[in-house]
Amino acid sequence: MKKLITMWRESERDRRMIAIVFSLVFAIISSILLYTSYKVVDPIENESLFVYRTDKNVNYRVQLSQNTYIQSNPQEMGKLYIARLVQSIPATMRYQYQSTDQADLEYTYRIDAAIHASYKTSSDSEEQKQVWVKRYTVADEQKNQVAGKNNVTIEEDINIDYQKYRGEVERFQKEMGLSVDAVLQVDMIVEMSGTTTTGEQFRDAENVSFKVPLNKDVFGITIPESNNREKTIEQNQEHTTPVNSVIFTIGIVTSAIAVLWIVILVVELLNGPRKPAFKRYLDKILSEYDDIIVETLTPIKKVNYTVINVKNMNEMVDLEQELRIPILYYYNEITQEATFTIIKDKMLYLYQLDRYDLDV
């Protein structure tokens, strides 16, 4: 046991290796235990909390002025119209909200119109850039609130005076001396917010729109295709297994042990190389009693002497002072033993110190 303790003290590299191995082992064990005690499961599919749908629609007709060429008046949707004969465009703009759950809703809407005039940048290019915009209010903003509803319908009838807006473009072109492409865009702008019965909040903004060319001899009215859509308010759910308190506690303990071994390793590294206790004590003896110790290159042969073992180095120093004979010192590199002797006549006083001596 004495040898094992000494080997542990002196084998610095072994101590570091043991600290590294134990740190890794306990860290791996603690990680596995903590993971198994509280494991996060992959998120499940998104859970739909609230679904609502918005439907947008524009119905219009084209009212012609009296003429001897076209008898069908007003004209139906989806046709081509002769600009000189068009008087007005009566239209119904409709927005509908429907949801899977009731909600307290607040919404506003208004109808605006704007002339957008674009100019071709060069005769060799088809690229056009906007040079003029003029905005109009067709219907003032309206604001409403409803409680506990899952559907809202907004429907507004308007009448676009086509010749009024066409005349604006003609005057602009005449005064500016420009040939432009002009379109009248009509928008019903709807903004809605609400709170569901489960407390989920949402906001939405939609445009119900159509476009009317203003300086074409023959034109068609354009309604955007993406007028209907569905929206979902979702929640990511993440499930975890219950914590196993026993495994969790063991994991914490092994984590602490791993940290302790890491601390031991760090201390060893910070302290740097250190001489064994035996060598430190031997160096101290040689330093303190340098004037009375004589180092020999060969061991003293004991066969011709009566050997008397001395208890410790202090007794050897007392003998030296009493006998006035120097202390002979020899160190065996192989066995790592230090031998101190005093020879008087046929008496050999001996004190031996080896690397397993823990009393130093």
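Structure: above.
Residues numbered from 1 in each chain as written. Predicted model: local features only at pLDDT ≥ 70, side-chain atom pairs only at ≥ 80, totals over all residues. Heavy atoms only, no water.

Q: Help me understand the sheet that holds strand S14 (residues 347-354) in this model?
A: Sheet strands pair by backbone hydrogen bonding; their relative direction is either parallel or antiparallel. Pairing in this open sheet of five strands is mixed, and the strands run S10-S12-S13-S14-S11 from one edge to the other. Bordering the open sheet on either side are strand S10 (293-295) and strand S11 (306-309), each of which pairs with just one other strand. Ignoring which end each strand starts from, the neighbouring axes of this sheet average 30° apart. For strand S13 (residues 337-344) and S14, the ladder comprises eight bridges, and the chain directions are antiparallel. From the neighbouring strand, Phe340 faces S14, where its bridge partner is Tyr351. (Pairing = 2+ DSSP bridges. Helix = DSSP H or I, 4+ residues; strand = E, 2+ residues; numbered from the N terminus. Axes fitted to C-alpha atoms, helices over the stretch in contact; angles between N-to-C directions.)

Q: What exactly am I supposed to notice about unusual backbone geometry here?
A: The phi torsion of most residues other than glycine is negative, and most of the peptide bonds are trans. Here the residue pair Asn73 and Pro74 is connected by a cis peptide bond, since its omega of 5° sits within 30 degrees of zero. Mapped onto the secondary structure, Pro74 falls in the loop between strand S2 (63-64) and strand S3 (81-82). Unusually for a residue other than glycine, Gln336 sits at a positive phi of about 55°. Along the polypeptide, Gln336 turns up in the loop between strand S12 (327-332) and S13. Gln336 gets classed as partly exposed once you look at its relative accessible area, which sits at 27%. One non-glycine residue with positive phi stands out, namely Asp345, at about 55°. Mapped onto the elements, Asp345 comes out in the loop between S13 and S14. Classification of Asp345 by relative accessible area gives exposed; the value is 63%. (Buried < 20%, exposed > 50% of the residue type's maximum accessible area, 1.4 Å probe, protein only.)

Q: Would you mind going over helix H6 (residues 313-323) with me for this structure?
A: The α-helix advances 3.6 residues per turn, and as a result positions three or four apart in sequence lie on the same side. Every buried residue of H6 is listed here: Met313, Met316, Val317, Leu319 and Glu320. Around the axis of H6, the buried residues are gathered within 160° of arc, so they sit on the same side. On its buried face, H6 is in contact with helix H5 (277-288), S10, S12, S13 and S14. Its side-chain oxygen placed 3.1 Å from the backbone nitrogen of Asn314, Asn312 serves as the N-cap of H6. Downstream of H6 by a residue or two, Arg324 has a phi angle that is positive, lying close to 60°. (Arc of directions from axis to C-beta. Contact = heavy atoms within 4.5 Å. Polar contact = N/O pair within 3.5 Å; in protein donor to acceptor, adjacent residues only side chain to side chain.)

Nothing here speaks to function; it is all geometry.
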